[in-house]
Structure formats: structure tokens, C-alpha cells
There are 2 protein chains.
Amino acid sequence: MQQPGRVATGWMATALAAFLMLCLPARAAAEDGYELWLRYLPLPAERASAVGAHTKHLLIDAGTPTRAAARAELRRGLEGLLGRAPADATAVDAAGTLLIGTPASSPVIRNLGLDLRDLGNEGYLIRSLRVNGHAATVIAANADLGLLYGAFDLLRRVQTGARLDALDLREAPRVKVRVLNHWDNLDGHVERGYAGASIWDWWKLPDHRDARYIDYARANASLGINGTVLNNVNANATILTPRYLAKVAALADVLRPYGLRVYLSARFSAPMEIGGLKTADPLDAGVRAWWRDKASEIYALIPDFGGLLVKANSEGQPGPQDYDRTHADGANMLADALAPHGGIVMWRAFVYSQHNPDDRAKQAYTEFKPLDGRFRDNVLVQVKNGPIDFQPREPFSPLFGAMPGTPLMMEFQITKEYLGFATHLAYLGTMYEEVLQADTHVKGPGSTVAKVVAGELHGHALSGMAGVANIGRDRNWSGSVFDQANWFAFGRLAWDPALGAREIADQWARMTFSDDDAVAGPVVGMMMGSREAVVDYMTPLGLHHLMGRGHHYGPMPWDAGGPRADWTPVYYHRADRDGIGFDRSRRGSGAVSQYAPPVAEVYDDLARVPDEYLLWFHHVPWTHPMRSGRTLWEELVRHYARGIDAVSQMRRTWMRLEGRIDAQRHAQTADFLAIQLNEAQWWRDASIAYWQSLNGLPVPAGFPPPAQSLEYYQSLSFPDAPGN
Amino acid sequence: MQQPGRVATGWMATALAAFLMLCLPARAAAEDGYELWLRYLPLPAERASAVGAHTKHLLIDAGTPTRAAARAELRRGLEGLLGRAPADATAVDAAGTLLIGTPASSPVIRNLGLDLRDLGNEGYLIRSLRVNGHAATVIAANADLGLLYGAFDLLRRVQTGARLDALDLREAPRVKVRVLNHWDNLDGHVERGYAGASIWDWWKLPDHRDARYIDYARANASLGINGTVLNNVNANATILTPRYLAKVAALADVLRPYGLRVYLSARFSAPMEIGGLKTADPLDAGVRAWWRDKASEIYALIPDFGGLLVKANSEGQPGPQDYDRTHADGANMLADALAPHGGIVMWRAFVYSQHNPDDRAKQAYTEFKPLDGRFRDNVLVQVKNGPIDFQPREPFSPLFGAMPGTPLMMEFQITKEYLGFATHLAYLGTMYEEVLQADTHVKGPGSTVAKVVAGELHGHALSGMAGVANIGRDRNWSGSVFDQANWFAFGRLAWDPALGAREIADQWARMTFSDDDAVAGPVVGMMMGSREAVVDYMTPLGLHHLMGRGHHYGPMPWDAGGPRADWTPVYYHRADRDGIGFDRSRRGSGAVSQYAPPVAEVYDDLARVPDEYLLWFHHVPWTHPMRSGRTLWEELVRHYARGIDAVSQMRRTWMRLEGRIDAQRHAQTADFLAIQLNEAQWWRDASIAYWQSLNGLPVPAGFPPPAQSLEYYQSLSFPDAPGN
């Protein structure tokens, strides 16, 4: 995107740049990001030697697809890292043996008498032991998938500098259902996708299975992601026809060895659209039978099918309310159809209506809270992290903690619909951490969202976390190298919601770029401040939903048009001559009251509400005195500048890494940071120009006026923005 | 696409296959087709040594982007092929020097006194010479681009087994404008594209230039393609707005060093849509001024901009006839705007109207022939190879040879809109050769289409060949490895329309798979028969346009619906109880009369018309006696069977190459051949079932009946077919 104000480069200058690139030595194998964090480049000799001493031999019975995958990954990884794959062993008869197995598949493991009781079907332990008198490293688990996860864990440790001499660790996921949600349409378009077309080549399936599907499965398994919803929540019933189910089954076959179960988004009205019924009423016997038969048909093809995800009665999608039934009625009907086969329903709580005059932020809670306890055991209610819609910053959704009788699944967005598409660098690990560590206080201090989502706070057997995927057919999967980190962070947090964003960023940076501190350090630094920078230049101090209508690209705070008031920025910022912000206090919409009292009191109190949520919960004068001593207006302008400065700083840091990072990935990110800097400036300028048109205030001293007139920013249009 | 009759594989079987794949050794670098025919894999030691003796040193002044590209490619190629790049030399002071330059850039070349007169600005010579008493290999040219082409030629020779001891060759293109036509929309969709989204990432341009653009340029330069039309002929005027022209300029900057000039498709009504004018009348002074200004604006950004391609008054596109002006009026207006800058207009002759009751096959000729000689010097009229639309087989367009006063540009389709999309193996080199070698007889025997297109028959300075690209963002560029051969063949034939399809196939196979005869031989054998197989199983004996409406996928000979009669199969086959075929003889539509008399007489005469054009030019009874002694019906059924047999044979040949070709590319092609076999059977069965419903004839003895009922085939629908 070329923005005004961008430094124009003439064709001579760019020709020179192209020319200089040609003078570089012929590249052997350019790094284009395809390998993600599984690059397995050679370790320095000393490290390789230390690791190699523990991985001379590999003893594994690779007699199942999943164990074969574990063996293949270890061989691939160690061959890359060390220059040689471990030799296959049939017994532990030498030092440096890597021993991998379940008690059932490996007599040696069985005889070690390891305590695997708390590891479940996906956990594993890794331990340095002596076996038959020889130094060995053991990966043991109750089931094959744990072994595969353990293999990836070991490789991650090798990639990030761990020593292998005295390993003793136990890992098991805290969340049961860890799934990606692909918003992929059957025609290949990805809604809110900024990384090219859908990776699912539906047209050629089932007869051709793209080799890429296996690398997709490997990447997910490396993080512990154990499921994937293949199609958009704005679903097309066609996915449930026999012709498409054959395609889905082919994908399930490819993904199965990696522990990835396949799920589908179901269109609630499918019985009418592809079943020929006259209704989709969830209490209608014919409808119920249709779904039961459909479930049987699916499970005959895919015995381990995961289940269905449903967006119902939301943004025009059909649902049970079309028949005066509740969301519970709808979810339970599907749950009953799936239960005999072990499938689950993920029912989205993202519902709101333009016909409801109440604050949109309140509507999901209002709708779902009364249904608490009325869902079947195999239903998860899937709740977006905040009450609106994946904004750069939102307070946590008040539903977390408010439905003790219902397992609530977290829905994070990995694709950056509202944070600058694929070209803005914004590490979302800090956002995920902020939400997961938020304290609902529903059972006293420490009642974190993480504990709700893990099912721990209210003792649910079923738990889940969903991430709206940022994956497409672009060579680097996510549209940018740094967006790969958001896939990575989601996966790691789904496994353990208590992990720290910084630790995850550090792992990712070391695996993706270099284990050298001089690279990983600056990269982690960039990442950790990046999301706050986006908040600052787009929607500081609790502002939200100020982006362009439809495509959600760029600033459009003036927009009051379109089909629905609750899709317009003016609905959310409520700015006028005197002030700005949405009054959700008890004197306003009362949204604060949806939180537990200790939280509600803080949010309700202008003196206590954190600055970052000020304009989310309160409407205040432009002259409102902030904690800093400055007025709100001054603070707002300062935040925009801070955001831009942070991007400038990231860019400088990145440019200093030139030569330490392979040329192709470095150049792409450098281009993107330049785009981000232009667009941060645009967000700031357009926003300030608009606020000034309302409040008539001058830009505070020391800060420049907007580069262009408000009319100019209002004249820009982007009918060709991607992902729409 | 799953077709009925396909051997179903249960999930257990496919899981087993996945499992077996996992047992393979970890791949080092899987071949995914991205490298095209520029793989530069290590030569056998003996060959490497022989080649290395001639390429020890490299002497080139790489002081321009194009010469730098030549140097980079030689270094990259020789490093890959030989394991070491040549050492840079500053003089010819040792044996085995590769000496590259123009007289202007290289004093050594200048002093050799080579005769470069007939080589033009793109030609080159390669010669083994002694320089300063040392054995040297010289690549010399008048201009840098010739050096780059020469470098690619030398590398092609090394890849295909040539000796380098006694080289003496001169090469210059016979066709001036050698361009790809990308039917790429600005939203990334490619019309008739079967290889993923457009490679042009318009959204990120101009600020980010995908590294892939350079590999695209290298591939084209390796064939001598010297231009590319970036956007769809069904054009969006937005491409001509300043915001998009900046993006186009960025692409031009990337492509320029490789000799690729950028062209655009222009929407004729752009002056109204983006210029605010009330008319697009080509004789209107305001309109003419708008285009002049637009041309100046473009050339200010892109000094070597190639020109404009226009589809006007065709299939709903606007054009000069909207104002009662002629195609010449429209083309000349644009030509006048471009002429001061050296640009050209490529004006498509692909026009026909549903309001014209005359045979569609005649309409382009009827429209354009009277305009002969009325176009400006910088206009090429771009004519599709056949009179209809890129069918598996058509006779050559009667326009070739019929407009001696106008340079006619060939338009071939590389993307296989009508030949099975990306999953059917159909080498189009034989089709291109058939058309180019067709004899128009307009200036006596030997007046081949190739000579018309090269401008030689009627002495035109301007000449051109366009290929509708089959390039997309798929990793292998063309959707399948074998479709890369069609890009390759187009490029080679655009350089020299007299090249043989077999020779081209042999070069491609050796570069793409292996120089081993045991691989290249069978691969070339598959390729050479492949297009005839498609003709046989889709549209034998001159049948045409029998495919599904809109998406053009699969058989739909029964179709008589839709908005236009001239888009229905029944319009073209005219089959009924008694016979089949379109009577274009002098007793019928008279289309034969558009050819020169020696051609027309043959096509008009039922006794002389070649079998392959029988039903194109004649309507005959089902019982019509063929040269074989069989009836038409028997022959038709036999041709379908022959097509299927040929695909079976290709598949067997390919399966025997397993292990001799890298696993990933082998597996993908094997999958595609299985799809092709199923779909060949489908074409045959659906076609026969339909013909039988008309003629009531039994399937001849020895041939099976259709697998399913006609109603079954008629019930199939494919709203999700790609490229639509």
C-alpha cells in the first residue's frame, strides 16, 4: 500500500537496488520462511558435538504412523542440526541412545517402570537415565501422540540451546481441545486471510493431496495443536455433501498420524439446503434424524472426526432462534447427533443484533449467561477473548467465569484482521497472555481466565482453545515471517495457558532466526513491544473499532454509514465537541456490571480504571485530567506518537540485524516495517485530523499537525483490500 | 475431482500409504517444481569435468543490471552443475575462459572483430575461439539482453548434454514481441487460472516486491520472452490509476534487467470510468487527449513501457463500435497516444456477437479483413490460433495470411482452459507446431502461419506472439510440472516459430527431469502423444466446444441453455438423429471460403478434408463411411477409446519411472494421471451416452457401454470449478 507522505523512490534508484542485489553471490537455498520454526540448520561444532553424544542411536518401534512420524522428525531434525541422523538401534547397548516408546510398544520402556500416570494420552516425559548401564535419553508416554510431542519438544530444546545431560521433565497439556479455526471458503478465499488462498485445494482433493498438508501437520504437532476446523464459520452447507466429505476424509487421513483431528463448521440450515427438509428447527424430529444420519455418514468416513463448530444467529447466519429455540437447543441437538461417536460441538457465543438497542459489548453475556448449565457434556461454548471483536485491545469477555456450569472455550484471533493485516509486525503473545492472566475474581483472587479456559476453575473435563488461523498458501504460510510467531504462540499457550509471552517469543526467535543472543535478544525486544505499538497508533486508551468498514483496513473514525450502526466507529467512540468514549459504567450501558464485583468496581470507577480501558468504559471530556497530569487530549496525541516511535525503533533494530539474518527474510520484513511506519503515521494523522474536527483543539506543542487534511483521509478508499 | 467409477481407497489404505511415506529417509530438499527447468543439479563427474574445462574463468563487465544478471545466472548455474562457480577474470590469460560482452562493454570482444550485424538487439553468438592464444568460449552480442539470452542458451546446452569444445552458433529471434498475457484480475483471481492466485501481490506493491518476481523474470528470460501483459484482457480501468501505476512501475523495475517489458490491458472505457469523461469515443478530442496524457503519465514512470493490449467489443467489453467507430479507429487512437513513446497496441481480433446470425467461426475474419491496411504502424492485431476459442483442435484462423497489410500477432493459450485444466497432461508444443506449420497458401505453397506471424511473408517490421499464461502462485508455477512444458514451448516457439515440438520437449524433459535417456525418452514419448489423446477423448474428428458452460470443465454436449446460443455445445455439434457436425462448406456457412483457394478446396471437399477436421467443416450422417472403412459412429467410438488408451499408456510409462524421478514430483503427476484417466473415461461415457440418445445406435462390438446413464452425467454440476 502506497500512502501519501511515503518517500518516493524513482525507478533509477530501485533499478540500482535491483542491480546491487544481482551482484550478490548466487544464493544456494534462499530462506523463504517455508520451514517455519523447524529449520534444523547446523549447530556450531561444539554444540553439535555435545548434542550428538546423546543422540548417537535411536531406538523406537516405528510400527505405527504416529511413531513413524516421530522417528522421521527426529531423523530429519538431528540430521539437519548435527549433520548426521542417529543410527537405528535394536537395543540399548551403547551410550548416547535415544529411547522412545510407550510401555505397550517398547519392552525396554515397560521395564523401566516409569510413572506415567498423570500424563494422559498426550503427555510425555523426557528423562536422562542409565539403561542397561548406558547413558540414555528416554521419551516415554502412554500413547503414540505423546511420543511425537516429546520428539518435537526434544528438538525444540536442541534448537534453543538446552543441554541434554540431565533432562527430567514431564509435560501434559492443560487444555484438551487445541484447534485452529480456518475461515477458509470452499472457493479458496480466506475470510480475513492475508497469506494468500486457502491451503486446502478442494478441487484436487481427494485424488491429490498436496505435499504441503504434511508440513502443515508437522508444524501443528510441533506445538501440540491437536485439531483443525477446515472451513469458515460463515459456513457453506456444501462441505457436508458426500462429494466434499470424501475430500475432508482424505485430509483427515493425511493429518491423522500427527494427532490432528479434523472438525468442520456446520451451517445450521444445512438440513434445508442440502437435505431437502423444510425446516432446520432443532426440535423437529426430521431435522434431528437428518443430523444423526449425517453424523453417522461422517464417522463412517472419518472414525476420529472431531466435531462441529457453529456460528448461529450471528451476523446473518441461520440458527435456532429462527425457530424460537435457544442456542442451547441448537447446540444440544448437534451434540446428541455427535455423542455416540465421541464428537463435540463448539458453539460460538459471538452473537449480537442490530435490532437490540443495548450496548453490543453486553449482548453475548446477556444471551448466554442464562443458558449456563443447559448444554450437553460434549458442548463447548466458544467465547472470543473480548466482548466486541478481536480489537487491538479489549478487556476480557465477562462471560469468562460467569458460566460455571458450562465449559467455555477461548477463541483468539491469530490472523491480524484488526492489527495491520500481514504487513504490520505485532506479536500477539502479549495480548494472549494479558487476557489469559486477567483475573475474573469469580472465585476470589487468582481466578484467571486461563483457569477458566483450562476447565480448572470450575472443574470441567472438557476444555478448549481455538485460534483463528493466519495460514494461507503464501510460501511463508502466514504472509509475513513475524506472523508465524502468532501461530506459534497460540499453539504453545493452548498447550499451557500459563506460559509467558516472552519465553515463547524467545523460543520462536531462536528457532526461526538464530540461537545467537545478539539476534534473538533484539528480535524478542521488537516483539514484546509490538502489540502495544499497534494499540498506540490505532486505538489508544481504550478506543476500539475505528477501522475502515468492511475490509477493516486503515482508519475511518468518522464513518457513520453502512447497514448497521453497530458496525460504525461512531457507535464506539461517541466523540463530540466535548468528549470521547463509550460510557459502559453503571451510569451508562452498565456493561461493567457483567464482571465480578471486584473487577466491576475498578472498571466503573473513573479514578481506578486503568488508562488502557478508560475510553472503553467511560465517556470523558477532552480535558479530562489523566494520571500523568496531562489532559486526555494531550495524552491521546502522545500515545499516537509513542506508537509511531515504537515502530521506528523496531525498524532501526531490524536494520541493525542485516547480515545476521538471511537476506530474503530480512528484506521482506524490512519492506513491511517501512509499510507499517507509513501506515502508523496515517492512522495517527487521520485520527487526529478527525478528533480535531470535533473538538477544535490544537495539536499539543511539540507534536506535528496531520500531514494532510481530514478531507484527504476521508477520500481514500480501498475496495481491493484483501481478506474481505 | 472424484468421479464415479474411481477405485475407492478406504482410509486404512491411504493411512498405510502415508505411513509408508514416513518410512522414507528424511528428504534433504524435496523437488517441488519451483526451480522449473533451471534446476542446475550436479552433472555426472565426467560431464562436469568436460564442461568445467571450458568454464574455469569468467570474464564479463557486469556493470549494468542486465549484464549482472547474466553473470549471476552463469555463476548460479555452473556452481550448481559443476559444484564450483567460475573464477572472475580480468583478462583472457588462461585456457577455459568464458568471455562475455558487447563490443561497447568489452575491449576484448571489440578486438575480436566478430560479425554481429544480423543479430539485432536481442541476438547473440556463441563461439569456441582462441583468444590471446588461450581456448575460450565467447558469448557476444550487440546489446546486453543478447548476452543474457546467450548465457541462458549456454546453460541450456550444458543441461542437455552438449559438448562445449567447438561451439559456433548464431541466434536471433524471428519474432519481435514475445509476450505472456496474464489474465489476472486485480483482486488476485486468475481467469482460466489453474495454478492458484495471481503471482502479482498488488496489495503489497509497490512497497514490497516478492522475491518470486525475480525468478519469474529469470524463467522468462531463459526462453527469450521479452514482455508481459500484467492484467486480464477483461480489464479493470483501475490499473491505469496513479495508485496502480506506481505498483506497475515497481514490477517494471524488477523485471527490466531481464529484458521483460511491462504491458497493460486497457479497458476501452477507462476515460469514462477513471477519467470522468462522458464518452470513450475514439474520435472525440477529449478522449484522445486523455489517452495521450495517460500515456505520458505511464512513460514518466516506466520509460520502457511496452504498450497496451485491448479486448474491445467482445463478450461484453466496451469498444469503439459503441460509438459506431471501427476497431481500426479504436486501435489507432491508442497507437497515436503511445507512438511518441515507442509503445505499441495489441488489438485482439477475438470478436463475435450473439446478435450476428452468421457462423461464429466466420465473424473475426468478417470484421477484421476489411480493415486490413488501416492500422497504424505500431499496431499488432492479435489473432487466436483458431477461428473459435482455443479448442483442443481447431484449423488455423483464416485471418492468418488474409491481412497482408497488417502485422498479425499469434495468440496461443498456454493455460489449459479447454484441455483438462492443470490435472490433465497435455503437451501443447505439438498443437502450436501444427498451427505454425499450417500452410495458408496465400503466397503459394510454404506460406506457413509461422511466416505470417514472424512478419516474413508480407515483410512487416513488427511481429509478435502472445501466450495466455498458465502461471499462478502455486509452488510449481503452473499447477502441474508438465504444464511448465507449455510455458517453455511457447517461449521457445516465440523465439523461433520453426522449432520442432519434439526437440523442445526433449530439451524441457532433460532440464526438468533428467538428461538420462532412460528418463527423457519415455517422458518425451508421453508428451508427444498427449494432446492428441485429449482431442480423442474430448472432441475427436473435428468436434469442438462440447464442454461445461461457464467453467469449461467436463463434458456437456447436451447443453442448449444459458444466455447465448453461441456459447452452447449444440450450436457447434448440430447432432441429431441422423448426423453430426457443423456444415461450414460452401453449401453450409461457407466458412471454408475464408481460406485461400487451395486450402478452401480441401476443407470443402468431403473426400479430401482431413479426418481431424471432418465435423468442423461438415455435417455428415452417423453412417458416413470413413477412410478406414468404418462408419463415422464406429470411428468416433474408436477415437474415444484411443484417447483413454493413450492416457493409460502414459500412466504406465510414468509409473515405470518411479525412483528415477524425485518422489514429490513423481507422486503429484501420478495422482494427476489417475485423475486424467477417470475424467477421460467420463468424457467418453458422457459423450457416447448423449450421442446414443440422439442416434439410437448401439456401441460397436468390442467397446463397453457408458458406465452410467445419460441422466447421471447430466445431473453433475461443478459450481466450484476453478478459474471461472
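Residues numbered from 1 in each chain as written. Chains lettered and ligands numbered in written order. Predicted model: local features only at pLDDT ≥ 70, side-chain atom pairs only at ≥ 80, totals over all residues. Heavy atoms only, no water.

## Regarding the overall build of chain A
Point 1. Secondary structure assignment for chain A yields 22 helices and 16 strands.
Point 2. In terms of C-alpha radius of gyration, chain A reaches 26 Å, essentially the compact-globule figure of 27 Å for 724 residues.
Point 3. Sorting the 724 residues of chain A into buried and exposed places 63% on the buried side.
Point 4. Sequence-distant contacts, at least 24 apart, represent 72% of the contacts inside chain A between residues at least 6 apart. (Helix = DSSP H or I, 4+ residues; strand = E, 2+ residues; numbered from the N terminus. Rg over C-alpha atoms; globule rule 2.2 N^0.38 Å. Buried < 20%, exposed > 50% of the residue type's maximum accessible area, 1.4 Å probe, protein only. Contact = heavy atoms within 4.5 Å.)

## Some details on the relation of the copies chain A and chain B
Point 1. Each copy superposes on the other: chain A lies on chain B with an RMSD of 0.0 Å after a rotation of 180° and an axial shift of 0.0 Å. Considering both components of the superposition, the chain copies are consistent with a two-fold axis. Minimal C-alpha distance to the rotation axis in chain A is attained by A:Ala197, lying at 3.4 Å.
Point 2. A share of 95% of interface residues in chain A that are also interface residues in chain B marks the association as one of identical surfaces. (Least-squares fit on C-alpha atoms with pLDDT ≥ 70 in both.)

## Overview of the environment of B:Leu436
Residue and element names in this part refer to chain B.
Point 1. Among the structural elements, Leu436 can be located in helix 12 (residues 429-436).
Point 2. Taking C-alpha positions, Leu436 is 19 Å from Ala461, a pair spaced 25 residues apart along the chain.
Point 3. Contacts of Leu436, omitting those with residues within four sequence positions, involve Met410, Phe412, Thr448, Val449, Ala450, Met465, Leu493 and Pro497.

## Topic: the sheet that holds strand 8 (residues 227-229) of chain A
Residue and element names in this part refer to chain A.
Point 1. Read around the barrel, eight strands follow the order 7-8-9-10-11-12-13-14 and close on themselves; strand pairing throughout is parallel. Here the average twist between neighbouring strands, direction ignored, is 25°.
Point 2. When strand 7 (residues 177-181) meets strand 14 (residues 464-468), the two strands line up parallel, connected through five bridges. Along strand 14, the bridge assignment pairs Val179 with Ala466. (Pairing = 2+ DSSP bridges. Axes fitted to C-alpha atoms, helices over the stretch in contact; angles between N-to-C directions.)

## Quick notes on the pairing of strand 9 (residues 261-265) of chain A
Residue and element names in this part refer to chain A.
Point 1. For strand 9, a buried count of four out of five residues is recorded, marking the element as mostly surrounded by other parts of the structure.
Point 2. Summarising the sheet, strand 8 and strand 9 pair through three bridges and their orientation is parallel. In the strand pairing of strand 9, Gly227 is matched with Arg261.

## Examining unusual backbone geometry
Point 1. At the junction of A:Leu205 and A:Pro206, the peptide bond is cis and its omega measures out at 0° in the coordinates.
Point 2. Position of A:Pro206 among the secondary structure elements: in the loop between strand 7 and helix 6 (212-223).
Point 3. Within the chain, A:Arg192 stands out as a residue other than glycine whose phi angle is a positive 60°.
Point 4. Checked against the element boundaries, A:Arg192 lands in the loop between strand 7 and helix 6.
Point 5. A positive phi is found at B:Arg574, a non-glycine position, where the angle reads about 50°.
Point 6. You can see B:Arg574 is positioned in the loop between helix 17 (569-573) and strand 15 (579-580).

## Looking at the sheet that holds strand 4 (residues 124-131) of chain A
Residues and elements named next belong to chain A.
Point 1. Taken in spatial order, the six strands of this open sheet run 2-1-3-5-4-6, and their pairing is mixed. Of all strands in the sheet, those with a lone pairing partner are strand 2 (87-88) and strand 6 (168-171), marking the two edges.
Point 2. Against the sheet, helix 5 (residues 144-159) makes contact with strand 3 (97-101), strand 4, strand 5 (134-140) and strand 6, and its axis sits at roughly 75° relative to strand 4, the strand it touches most.

## With respect to the environment of A:Ala641
Residue and element names in this part refer to chain A.
Point 1. Relative to the assigned elements, Ala641 resides in helix 20 (residues 632-656).
Point 2. Judged by its relative accessible area of 15%, Ala641 falls in the buried class.
Point 3. Linking Ala641 and Arg256, residues 385 residues apart in sequence, is a C-alpha distance of 49 Å.

## What to know about the interface of chain A and chain B
Point 1. Contact with chain A, which involves 61 residues of that partner, is made by 60 residues of chain B.
Point 2. For the pair chain A and chain B, the summed buried surface comes to about 5200 Å²; carbon and sulfur atoms form 55% of the total.
Point 3. At the junction of chain A and chain B, the tally comes to six salt bridges.
Point 4. Between A:Arg473 and B:Asp474 there is a salt bridge, and its shortest N-O distance comes to 3.3 Å.
Point 5. Between the two partners, chain A and chain B, sit nine residue pairs in polar contact (both at pLDDT 80 or more).
Point 6. Elements with a contribution of two residues or more to the side of chain A that touches chain B: helix 1 (11-22), helix 3 (65-82), helix 6, helix 7 (242-255) and helix 21 (663-695) of chain A.
Point 7. Considering each element in turn, the side of chain A that touches chain B owes the most residues, seven residues, to helix 3 of chain A.
Point 8. Partitioned by chemical class, the residues of the side of chain A that touches chain B number 32 nonpolar, eleven polar and 18 charged. (Buried area = accessible area lost by both parts, 1.4 Å probe. Salt bridge = Lys/Arg side-chain N within 4 Å of Asp/Glu carboxyl O. Polar contact = N/O pair within 3.5 Å; in protein donor to acceptor, adjacent residues only side chain to side chain. Nonpolar A, V, L, I, M, F, W, Y, C, P; charged D, E, K, R; others polar.)

## Considerations on the nonpolar core
Point 1. Ranked by size, the top nonpolar core spans 235 residues in total, and within it B:Trp291, B:Trp508 and B:Trp691 carry the most contacts.
Point 2. Setting aside its immediate chain neighbours within four residues, B:Trp508 contacts B:Trp37, B:Val481, B:Phe482, B:Gln484, B:Ala485, B:Phe488, B:Phe513, B:Val523 and B:Met527.
Point 3. Core analysis: the second largest hydrophobic core is formed by 234 residues, A:Ile302, A:Ala331, A:Leu457 and A:Ala485 among them. (Core = buried A, V, L, I, M, F, W, Y, C linked by side-chain atoms within 4.5 Å.)

## Observations regarding the side chain of B:Lys362
Point 1. Residue position: B:Lys362 is located in helix 11 (residues 360-368).
Point 2. Not counting residues up to four positions away in its chain, the partners in contact with B:Lys362 are B:Ser589, B:Gly590, B:Ala591 and B:Gln594.

## Points about the packing of aromatic side chains
Point 1. Evaluated as defined, the whole model comprises 82 aromatic pairs over all chains.
Point 2. Ring centres of B:Trp508 and B:Phe513 lie 5.6 Å apart, and the angle between their planes is 85°; this geometry places the pair in the edge-to-face category. Summarising the burial analysis for this pair, B:Trp508 and B:Phe513 share the class buried.
Point 3. Between B:Tyr712 and B:Tyr713, the aromatic rings sit 5.4 Å apart at their centres with planes inclined by 75°, giving edge-to-face as the arrangement.
Point 4. Relative accessible area serves as the criterion here: at 24%, B:Tyr712 is assigned to the partly exposed category.
Point 5. Connected via pairs of aromatic rings, a cluster forms that spans A:Tyr34, A:Trp37, A:Trp200, A:Tyr213, A:Tyr216, A:Trp477, A:Trp487 and A:Phe488.
Point 6. Positioned above the aromatic ring of A:Tyr571 is the side chain of A:Arg574, whose terminal nitrogen or guanidinium carbon lies 4.9 Å from the ring centre.
Point 7. Over the ring of B:Tyr244 we find B:Lys247; its NZ or CZ atom is 5.3 Å from the centre of that ring. (Phe/Tyr/Trp six-rings, centres within 6.5 Å; stacked < 30°, edge-to-face > 60°. Lys NZ or Arg CZ within 6 Å of the ring centre and 35° of its normal.)

## Section: the pattern of salt bridges
Point 1. All chains considered together, the criterion is met by 106 salt bridges over all chains.
Point 2. B:Arg170 is the partner of B:Asp118 in a salt bridge, and the nearest nitrogen-oxygen pair spans 2.6 Å. Taken together, the positions of B:Asp118 in the loop between helix 4 (107-112) and strand 4 (124-131) and B:Arg170 in strand 6 (residues 168-171) put the pair 52 residues apart, joining distant regions of the chain.
Point 3. B:Asp118 sits in the exposed class, given a relative accessible area of 51%.
Point 4. For B:Arg170, a relative accessible area of 33% translates into the label partly exposed.
Point 5. The salt bridge partner of B:Arg163 is B:Asp165, with a shortest N-O separation of 2.8 Å.
Point 6. The class for B:Arg163 is exposed, based on a relative accessible area of 63%.
Point 7. One network of salt bridges, with partners in common, ties together A:Arg47, A:Asp506, A:Arg510, A:Asp515 and A:Asp517.

## What to know about the packing of helix 20 of chain A against helix 21 of chain A
All names here are of chain A.
Point 1. In the contact formed by helix 20 and helix 21, the axes pass within 9 Å of each other and the chain directions differ by 170°. Overall, the two elements helix 20 and helix 21 adopt an arrangement that is roughly antiparallel.
Point 2. Residue classes in the contact of helix 20 with helix 21 are distributed as 16 nonpolar, eight polar and three charged. (Parallel < 35°, antiparallel > 145°, perpendicular 65-115°, else oblique.)

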